[in-house]
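Listed here are the chains, written in short residue letters.
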Amino acid sequence: MAFVSGSSTPFGLFDSDATFRVDADKVLTWVNSKLGDPVMCVELTASQVYASFEEACVEYGSIVNSYQAKSTLHWIMGSPTGTLSGQQNRLPQNTLEFMRRAAMPYGDLVGAGGIYTLYSGSITTVVDKQDYDLQDLINPTGSDGLARRMYVQQVYHSDPLVNYRFFGSTSTINYLSNQLQFESYTPETVFYLLPVWEDILRGMQFKESNRVRRSHYSYAIHNNVLKLFPPPTDEVKVWFTYHVERDPFVPDATDRTLDGVANLSNVPFGHIAYSRLNSISRTWIWRMTLAYSKETLGLIRGKLQSIPVDDREVTLNGAELVNDGRGEQEQLRQELRQMLEETTYDKLSQREAERAEALNRQLSFVPLKIYVG
């Protein structure tokens, strides 16, 4: 029987592959000969061997794809799933998207970027009233119309700074240095040349010192209830910034990565084309096909423990074939997983580091040249 595309295999996953069709008939002949044909009758149809061949290809691709995903999943998280096929034989770039995305919420807490929309609001103070329930006054809602908790980032409640001194002294040399585009200060007798960032830090220090040491204005927030110090003596506006608790599946901005790769189930890896497999891969598939066929033949022969021939009975080796087939299958799986485990990207990087270290040790024994001038 020759392989017929569209009817010889159960799923027809590789029927369009010319190399698969050619090898299918060769594998059929090889499997039958390994099982005893033509000396012994092999109770297998060609379709059963073709089905085992297809299953072996599918299992090989599944194991390889799982290890490919293990190596690259943190690189491709959030990427488009597409048709869940086509990326199985490609080497993705490391974009660090997963780590960047994981770090974004921390930026919100310190006010340095992040993923939340930062809102501003204000309240009008009431004379002698210190406590203001911002949650009740603002009452933020989400896109679904339901109430959301707010998180206050900063309250702008401080008296204006009347006197602000940036430099320690006000000599003419100081002003002259500013005109000449370099920053400095001097206590009249000693000249110091300082970088610009030092002036910026010193200015921030003065500002914070005046606010903490001089200002009587402060506030406290507990459960979004704002308490002002001292008690207001006039009706003024107090501004603040805040963000609202967010549904992780409904972001503030458009985020296409939500519908991208989330786990192993939707990684865009399809069946690996048989024609693109090398000799190592095809040999594994042929051996697995034989192991599947052994198991199938054993199950068939197990239906009849013995067959009467003339005046005696012939005992069939069904149980032995099943055990051998399943044992060989497990051995092949372990061999493949071990080989793939040793070639994951993490292992390759580790091996290259060890090789570089060994090379450095080896080069340390090379004598240095002596130069005579």
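Here is what the cut-offs are and how they apply
Residues numbered from 1 in each chain as written. Predicted model: local features only at pLDDT ≥ 70, side-chain atom pairs only at ≥ 80, totals over all residues. Heavy atoms only, no water. Salt bridge = Lys/Arg side-chain N within 4 Å of Asp/Glu carboxyl O. Helix = DSSP H or I, 4+ residues; strand = E, 2+ residues; numbered from the N terminus. Buried < 20%, exposed > 50% of the residue type's maximum accessible area, 1.4 Å probe, protein only. Pairing = 2+ DSSP bridges. Axes fitted to C-alpha atoms, helices over the stretch in contact; angles between N-to-C directions. Parallel < 35°, antiparallel > 145°, perpendicular 65-115°, else oblique. Left-handed = near helix turned anticlockwise from the far one by under 90°. Contact = heavy atoms within 4.5 Å. Nonpolar A, V, L, I, M, F, W, Y, C, P; charged D, E, K, R; others polar.

Points about the pattern of salt bridges
Stage number 1. By the definition in use, this model includes 14 salt bridges.
Stage number 2. Between D255 and R101 there is a salt bridge whose closest N-O contact spans 3.7 Å. With D255 in the loop between β8 (237-244) and α7 (279-302) and R101 in helix α3 (residues 97-110), this residue pair connects regions lying 154 residues apart in the sequence.
Stage number 3. We classify D255 as partly exposed; its relative accessible area is 24%.

Considerations on unusual backbone geometry
Stage number 1. Cis geometry is adopted by the peptide bond preceding P38, which originates at D37 and carries an omega value of 5°.
Stage number 2. Position of P38 relative to the elements: it lies in the loop between α1 (18-34) and α2 (46-76).
Stage number 3. Note the cis peptide between F229 and P230, where omega equals -10°.
Stage number 4. Looking at where P230 falls in the secondary structure, it is placed in the loop between β7 (225-229) and β8.
Stage number 5. Located in the positive-phi region is N223, a residue other than glycine, with phi close to 55°.

A look at the sheet that holds strand β3 (residues 150-156)
Stage number 1. Ordered in space as β1-β8-β3, the 3 strands form an open sheet in which the pairing is antiparallel. Both edges of this open sheet fall to β1 (119-124) and β3, since each of them pairs with a single strand only. Within this sheet the neighbouring strands show an average axis-to-axis angle of 35°, counted without direction.
Stage number 2. Across 6 bridges, the pairing between β1 and β8 is antiparallel. Directly across from G121, in β8, lies its bridge partner F240.

What about the packing of α2 against helix α8 (residues 318-341)?
Stage number 1. In the contact formed by α2 and α8, the axes pass within 10 Å of each other and the chain directions differ by 25°. By the angle between their axes, α2 is roughly parallel relative to α8. Relative to α8, the crossing made by α2 is right-handed. Mapping the contact onto sequence places E59, Y60, I63, V64, Y67 and K70 in α2 and R333, L336, R337, L340 and E341 in α8.
Stage number 2. Considered class by class, the residues forming the contact of α2 with α8 number 6 nonpolar, no polar and 5 charged.

Some thoughts on the pairing of β7
Stage number 1. Side-chain alternation along β7 places L226 and L228 on a buried face and V225, K227 and F229 on a face that remains uncovered.
Stage number 2. Where strand β2 (residues 131-133) and β7 come together, 3 bridges link them in antiparallel fashion. Residue pairing across strands places Y132 opposite L226, the latter belonging to β7.
Stage number 3. Across 5 bridges, strand β6 (residues 218-222) lies against β7 in antiparallel orientation. Bridging from a neighbouring strand, I221 pairs with L226 of β7.
Stage number 4. Two successive antiparallel strands, β6 and β7, enclose a turn made up of 2 residues, where N223 displays a positive phi of approximately 55°.

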